[in-house]
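Each chain, letter by letter, is given below.
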Amino acid sequence: MTDSKYFTTTKKGEIFELKAELNSDKKEKKKEAVKKVIASMTVGKDVSALFPDVVNCMQTDNLELKKLVYLYLMNYAKSQPDMAIMAVNTFVKDCEDPNPLIRALAVRTMGCIRVDKITEYLCEPLRKCLKDEDPYVRKTAAVCVAKLHDINAQLVEDQGFLDTLKDLISDSNPMVVANAVAALSEIAESHPSSNLLDLNPQSINKLLTALNECTEWGQIFILDCLANYTPKDDREAQSICERVTPRLSHANSAVVLSAVKVLMKFMEMLSKDLDYYGTLLKKLAPPLVTLLSAEPELQYVALRNINLIVQKRPEILKHEMKVFFVKYNDPIYVKLEKLDIMIRLASQANIAQVLAELKEYATEVDVDFVRKAVRAIGRCAIKVEQSAERCVSTLLDLIQTKVNYVVQEAIVVIKDIFRKYPNKYESVIATLCENLDSLDEPEARAAMIWIVGEYAERIDNADELLESFLEGFHDESTQVQLQLLTAIVKLFLKKPTETQELVQQVLSLATQDSDNPDLRDRGYIYWRLLSTDPVAAKEVVLAEKPLISEETDLIEPTLLDELICYIGTLASVYHKPPNAFVEGGRGVVHKSLPPRTASSESTESPETAPAGAPPGEQLDVIPTQGDLLGDLLNLDLGPPVSGPPLATSSVQMGAVDLLGSGLDSLIGASNFVSPPAAAVPANLGAPMGSGLSDLFDLTSGVGTLSGSYVAPKAVWLPAMKAKGLEISGTFTRQVGSISMDLQLTNKALQVMTDFAIQFNRNSFGLAPAAPLQVHAPLSPNQTVEISLPLNTVGSVMKMEPLNNLQVAVKNNIDVFYFSTLYPLHILFVEDGKMDRQMFLATWKDIPNENEAQFQIRDCPLNAEAVSSRLQSSNIFTIAKRNVEGQDMLYQSLKLTNGIWVLAELRIQPGNPSFMLSLKCRAPEVSQHVSQAYETILKN
């Protein structure tokens, strides 16, 4: 009879009976009773009352019974810690048992009992087992150290177990080596700062020797450990690669992917001119291809990893296109992934094959797959210029099928082809216009409208076509409305006489009848452009557009390099770094590929320029803070050099791109400076008398920028420290201009002249934009007030604290030095309002560890007042929600150096304390931004 009988009992008074059986003298009866107890425990019954009776059964020679008792002990030790101590003596005894299986079982169970009281008793038995003569016991003890470290890290370090574990890496048994590596890796992951796995060429050699004889999981542990090592030069990298390559032919796909990870990492250090480099490329392809013959789930994981590998080194699989052709019985997730890789591998050599295949896919029954196949044809056209004509004719054939969703996808991709190859394939427009009535998806309608607007001069009835869309303007999606507005304005600029009514109609619909702020804003801009300067409107709206890039969905290079280091893990399936989906700090160590060695590659290395910098433009690095006096004494205190202001350079602060184009690159914005209000004509007539002119009347206060909060002047340099010169001051920001408002008082007995001022290098490059002009000599007891304009194009150096400004002032008497802290809000720029979608994406993109929380106390304002007060200092509210009675304001601001700071402000009506959460790519800024919030809201 099987063990199922233990689960079928329905007796009353069961515990009492079991107790009697457990204390029986007969061994068989005892064993049966323990099996019943384990069965009850497994189905969720509470059998903890039997703890002392079960523990009494521990002292037996029967291995099966001992295993069952240990199982019970692991489960209930946490709820019965005092009872569990009774078992300690047996553990200690079992650790000295002549049978190695019992010694290993005892040490394994000890590691699983997570009770602090017991752990100290386990140290001695564990120490003995780590040095046991039997490798099976040693390998079990190695894992036990990792478990014990998780319970009490300090104890493990004090007892010297970590050093013993490091010694096990040199063990003669490969399985012991593998488990020691696994345990050390686990401990190192939870303590990234500790240098536990101190790998050197000797220890690497031992690991590689053990690699050939390990079990498959042991091999994975060792390969993952090798992947964290950085060879000292390309020769060592090549030697490791040669010894890891045989793992590529292993039957276990996890071993293969771990080997691929090591090779991909170390290939970075090999020169492309080496023969071995070419050999390695050839060796990497077959194992990856073999992975695709596994079951669909494994195929999917392999394909997600191959997607990364192909983006990093397409040459590995460039001849293997056929294995990515879709099979009829592939699940949809595998089909879509294969399609993606096919496009990445498409080249002039194989494009005919790929196109024939894609055309076939477009006649499939699975709608999602067909759509993706049609898009893929368009992407091939954009990627391989020689194939564009072929792709367009394939798309036209597909349009002739008149299958609705195929037609719509085809029109969307043809729009992109027009953008890539202007004035080449416009002959197909007539065919596209025939299908206008069948378009019902917003993206396809928007694409068609764009085509009509862009090529209006070639389409005789363009005005009729666009007018037909205009009839249901309010029912269209925002995407279509925006496209329609732009297309009709383009049409008007190309054929002004025939379409005046049409353009007035669309401008009126967009501005007066629409609730959508994006649409209204665009409408007003066009209206204003057309009414003031049609020539300028033509230059803006009909400007030559940049060609679209080939691959728009490539993973950003630094992220790709990090993901290559995670091949074979979840990160490579999600295509996200672990910190994006792993909660807490464990295991979230940023990895990167090793730098190329000097001998390997001098010209092509992508690592020579930091990510985000255009080729050929090196980023400055902030020097460390020097000696204040030394720095300032070396400064030339003459007037600042006049001339055009320099463009702010991208500068790194520590490891953070503090002055770089962090998020700007996402938005695609250049260094945009809002024009001063006076530069815009004040009152421009709109084409229709509808009060629209008021909206553009910048003098009425809608368009002007009220100044941010100005702190009262404080004494920066007392007279007693500056031979009678007293300097007070404050900082202001008005309409985009920063100034230092100074008050100079002469408390000496002699006249002061020849004033000059100079700033030391500082965190944000603040510098005087003009000389310090004191027009008349400063007589004794006289005070003069001066506003010194500042810019942010000076030299940059990270200060402590960040907003520290060191100043030197010279006059006819001497040079005087002082330092002051400027409020950070003078650096908040006027174009700091982020788009909603961008805000959402950026908030998710910034790691959680960069989030800082602050409390603002004693501020009795409501949400409206808060929002308005912050807006006057260029902190913009993007969205407002009410969650469970709390007002949540989502805000953004941008510093002069391009750093974006995102905020969530929680306001509980009636409670004068607010919670402020700040997220920023340069977390050192957050503290000062929170102080700015407090200053602005409380004054």
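Here the structure is a predicted model, which is why all the values come from computation and not from measurement.

Here we come to helix α18 (residues 296–312). Helix length check: α18 (17 residues) gives 24 Å between terminal C-alpha atoms against 24 Å at 1.5 Å per residue, within 8%. Of the residues making up α18, those classed as buried are Gln299, Ala302, Leu303, Arg304, Asn305, Ile306, Asn307, Leu308, Ile309, Val310, Gln311 and Lys312. Here the buried face of α18 lies against α16 (253–267), α17 (275–291), α19 (332–345), α31 (557–564) and α32 (570–574).

Once that is clear, we can look at the sheet that holds strand β11 (residues 851–856). In space, the 5 strands of this open sheet follow the order β11-β15-β14-β13-β12, with antiparallel pairing throughout. A single partner strand is all that each edge strand has here, and the edge strands are β11 and β12 (876–883). Across the sheet, the mean angle separating the axes of adjacent strands is 20 degrees when strand polarity is ignored. Contacts from helix α36 (residues 836–845) reach β11, β12, β13 (886–894), β14 (900–907) and β15 (914–920) within the one sheet, and its direction differs from that of β14 by about 95 degrees.

Moving on: the nonpolar core. The biggest cluster of nonpolar side chains holds 212 residues, and the ones touching the most others in it are Tyr72 and Phe418. Counting residues in hydrophobic clusters, the runner-up holds 61 residues, among them Phe731, Leu766, Phe816 and Leu937.

Turning our eyes to something else, we now look at the pattern of salt bridges. Applying the stated criterion to the full structure yields 34 salt bridges. Close ionic contact of Glu785 with Lys713 constitutes a salt bridge, the shortest N to O distance being 3.7 Å. Note that Glu785 is positioned in strand β8 (residues 783–791) and Lys713 in the loop between α35 (692–695) and β3 (714–717), a separation of 72 residues in sequence. Residue Glu785 is classed as exposed on the basis of its relative accessible area, which comes to 53%. A single network of salt bridges, built from pairs that share partners, joins Arg371, Arg375, Glu409, Glu441 and Glu443.

What follows covers the side chain of Asn897. Assignment of secondary structure puts Asn897 in the loop between β13 and β14. In terms of polar contacts, Asn897 uses its side chain to reach the backbone amide nitrogen of Ile899, at 3.2 Å.

About the thresholds
Residues numbered from 1 in each chain as written. Predicted model: local features only at pLDDT ≥ 70, side-chain atom pairs only at ≥ 80, totals over all residues. Heavy atoms only, no water. Helix = DSSP H or I, 4+ residues; strand = E, 2+ residues; numbered from the N terminus. Expected span 1.5 Å × (residues − 1). Buried < 20%, exposed > 50% of the residue type's maximum accessible area, 1.4 Å probe, protein only. Contact = heavy atoms within 4.5 Å. Pairing = 2+ DSSP bridges. Axes fitted to C-alpha atoms, helices over the stretch in contact; angles between N-to-C directions. Core = buried A, V, L, I, M, F, W, Y, C linked by side-chain atoms within 4.5 Å. Salt bridge = Lys/Arg side-chain N within 4 Å of Asp/Glu carboxyl O. Polar contact = N/O pair within 3.5 Å; in protein donor to acceptor, adjacent residues only side chain to side chain.

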